[in-house]
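So the chains spell out like this:
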Amino acid sequence: MKITRIETIPIRVPLKPQFAIRSGRGGAHTVSPFLLVKVHTDEGIVGIGEASCTPRWSGEDQVTGTHLIHTYLEPFLIGENPVAVEVVAHKFRLAFAGNYFTKAAVEMALWDIAGKAAGKPVYQLLGGKVREFVPTKWSVSGVEPEKAAEIARWAAGKGFEAMKVKVGIDPDGDVARVRAVREAIGPKVKLGVDANGGWTPEAAVKTIERLCAFGIYFAEQPVPPEDVAVLADVRRRIRVPVIADESVYTLQDAMTLARVGAADAFSIYVGKAGGIGPARKIAEFAESVGLKCTVGSNLELGVGSAAMVHLAMATRGIAAEEYPCDIIGPFYYEADIVREPLPITPGRARPNDQPGLGVQLDEEKVVRYRV
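Along each chain, numbering runs from 1 in the same order as the chain's sequence is written. Whole-chain, interface and lining totals are the exception, using all residues; otherwise, since this is a predicted model, local features are given only for residues with pLDDT of at least 70 and side-chain atom pairs are given and counted only at 80 or more. To obtain the side-chain values, all non-hydrogen atoms of the structure were included, while hydrogens and water were left out.

## Here we look at helix 13 (residues 276–288)
At step 1: Counting from the N terminus, the helices are DSSP H or I runs at least four residues long and the strands are E runs at least two residues long. By definition here, a helix of n residues has an expected span of 1.5 Å times n minus one. If you check helix 13, its first and last C-alpha atoms are 18 Å apart, about what 13 residues at 1.5 Å a residue would give, namely 18 Å.
At step 2: Accessible area is worked out with a 1.4 Å probe on protein chains only. A residue is then buried under 20% of its type maximum, exposed over 50%, and partly exposed in between. Turning to helix 13, its buried residues are I276, G277, A279, R280, I282, A283, F285 and A286.
At step 3: In the stretch just after helix 13, G290 is the one whose phi turns positive, near 80 degrees.

Given below as structure tokens:
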């Protein structure tokens, strides 16, 4: 089998208004831009992938992704055997630096082709299931306390047994929001906080200490990602585990964080790592040095979510039972772009057992959201 061409399709999908995200990174997330990728082959098998294109998060967008794929990556891949995913993906680093979400979209399309060619779901290609489902948690936006409590109450009522609250916006407001959420959901629901790097080091230490009164069990990315020594210092001064998110994109990032003692767990993404394979290598490294991993989210649609579920289903280094994953993107949108929704229910995510990623594009919806 040979790759013949790569097709890119930019789309924008609105979030449900009640689930618009406000976080420590500033601004509100009300609509999501994506770049869909189709890798075509000479045997008629087409693999699909999805890149989250949020420049404030990744520095990538639909224009850069399209340009880089067609100008630099596609010429490297034409004529290659897509089933040899590791061999082909190695060429990504020769095409251009960084731009991990763009690379991830193409890499997940290769896994989709490999699974379809073998007649197996991707998690089987990765070695098989290590769990029957992936535990997930809900994310409560950084809105006013009453609204946050309403969202949390809804999520608990739907069956979520774990959630996190967006903080890092204003210490007093953060405390009020977490207090309101805890009062709304009661003592049994696991509760963490995610600052998205929004606090200063001193604000992080002082605010997390105040939040411990509400039974939080982790603090995600309390300070900006640039200085891992600062993150390590904050971790030493607080009494809840630290999850590194924006600080860890690559395996090298994970190794540095482990070396300086900056995190108890890593939040890994298929997109942020550059693909299923690179994300899995981070999880395997973490397991080897006694650290944990969870799967974070950029509010992926059905294709990206499918890749995340397959990764988590087959990777023991992802400690989803201890740190439930954020595979919840499809809940947030007015509509998805796949024909058949993934079996993602409140608190549990499963893959479709069809070959490849197990999802097919709904071409009518792709046309509706195309830009």
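## Examining the state of the cysteines
At step 1: Any pair of cysteine sulfurs within 2.5 Å is marked as a disulfide. In this structure the tally under the stated criterion is zero disulfides.
At step 2: Lacking any disulfide linkage, C325 is separated from the closest cysteine sulfur, that of C293, by 9.6 Å.

## Comments concerning the pairing of strand 8 (residues 162–166)
At step 1: Burial of strand 8 is extensive: five of the five residues sit out of reach of the surface.
At step 2: Two strands are counted as paired when DSSP detects at least two bridges linking them. Sheet analysis places strand 7 (residues 138–140) next to strand 8, joined by three bridges and oriented parallel. The residue bridging W138 from the neighbouring strand is M163, located in strand 8.
At step 3: Look down the strands so they point away from you; if going from the first strand over the helix to the second traces a clockwise path, that crossover is right-handed. One crossover worth recording links strand 7 to the parallel strand 8 by way of helix 7 (residues 145–158), and it is right-handed.
At step 4: Examined bridge by bridge, strand 8 and strand 9 (residues 190–194) share five bridges and lie parallel to one another. For V165, the partnering residue across the bridge sits in strand 9 and is V193.

## So, the pattern of salt bridges
At step 1: A carboxyl oxygen of Asp or Glu within 4 Å of a side-chain nitrogen of Lys or Arg is what we treat as a salt bridge. Under the definition given, this model contains 21 salt bridges.
At step 2: Taking the shortest distance from any N to any O, the salt bridge between R237 and E202 comes out at 3.0 Å. Taken together, the positions of R237 in helix 10 (residues 228–237) and E202 in helix 9 (residues 201–211) put the pair 35 residues apart, joining distant regions of the chain.
At step 3: Owing to a relative accessible area of 41%, E202 belongs among the partly exposed residues under this scheme.
At step 4: R237 serves as the salt-bridge partner of D233, at 3.5 Å between the closest nitrogen and oxygen.

## Quick word on the sheet that holds strand 4 (residues 31–41)
At step 1: Here we have three strands laid out as an open sheet, ordered 1-4-5, and antiparallel in their pairing. In this open sheet, the two edge strands, each paired with only one partner strand, are strand 1 (3–14) and strand 5 (46–52). For this sheet the average axis-to-axis angle between neighbouring strands, irrespective of direction, equals 20 degrees.
At step 2: Where strand 4 lies against strand 5, seven bridges are found, and the strand directions are antiparallel. Among the inter-strand pairings, K38 is bridged to a residue of strand 5, identified as I48.
At step 3: Contacts from helix 5 (residues 100–118) reach strand 1, strand 4 and strand 5, with the element oriented near 155 degrees to strand 5. Whenever a helix is involved, its axis is fitted only over the stretch in contact; in every case the axis is a line through C-alpha atoms, and angles between N-to-C directions fall within 0 to 180 degrees. The criterion used for residue contact is that any of the two residues' heavy atoms lie within 4.5 Å.

## Here we look at empty space enclosed by the protein
At step 1: Points on a 1 Å grid, built from protein atoms alone, make a cavity when a 1.4 Å probe fits but cannot get out and make a pocket when they are open with protein on both sides within 12 Å along at least 5 of 7 lines; residues with an atom within 4 Å of a point are the lining residues. Grid points are joined across faces, edges and corners, and a volume is the space filled by probe spheres set on the points. As enumerated under the stated definition, the model contains one cavity of 30 Å³ or more in all.
At step 2: The space that makes up the largest cavity amounts to roughly 70 Å³.
At step 3: Lining the largest cavity, in full, are E50, A51, S52, F101, A104, M108, V270, G271, E300, G304 and M308.
At step 4: Classification convention: Asp, Glu, Lys, Arg as charged; Ala, Val, Leu, Ile, Met, Phe, Trp, Tyr, Cys, Pro as nonpolar; all other residues, Gly among them, as polar. Residue composition of the lining of the largest cavity, grouped by class: six nonpolar, three polar and two charged.

## As for the nonpolar core
At step 1: Counting residues in each nonpolar core, the largest one holds 124 residues, and the members touching the most others are I11, W138, M163, F266, I318, I327 and I337.
At step 2: Those residues in contact with I337 that sit more than four places away from it in its chain are I11, L36, L301, V303, Q360, L361, D362, K365, V366 and Y369.
At step 3: The criterion is simple. A nonpolar core is a set of buried Ala, Val, Leu, Ile, Met, Phe, Trp, Tyr and Cys residues joined through side-chain atoms within 4.5 Å. Core analysis: the next-biggest nonpolar cluster, separate from the first, contains five residues, Y217, I243, A265 and Y323 among them.

## Things to note about the packing of helix 9 against helix 10
Helix packing for two helices is described by the angle between their axes and how far apart those axes are.
At step 1: Interaxial distance between helix 9 and helix 10 falls to 10 Å at its minimum, and their mutual angle equals 25 degrees. Relative to helix 10, helix 9 is oriented roughly parallel. Helix 9 and helix 10 meet at a crossing whose hand is right-handed. Counting all contacts with helix 9, which are made through P201, E202, A204 and V205, the residues of helix 10 involved are V230, V234 and R237. When an angle is under 35 degrees it counts as roughly parallel; over 145 it counts as roughly antiparallel; between 65 and 115 it counts as roughly perpendicular; any other value is oblique. Each crossing gets its handedness from the near helix: less than a right angle anticlockwise from the far helix is left-handed, clockwise is right-handed.

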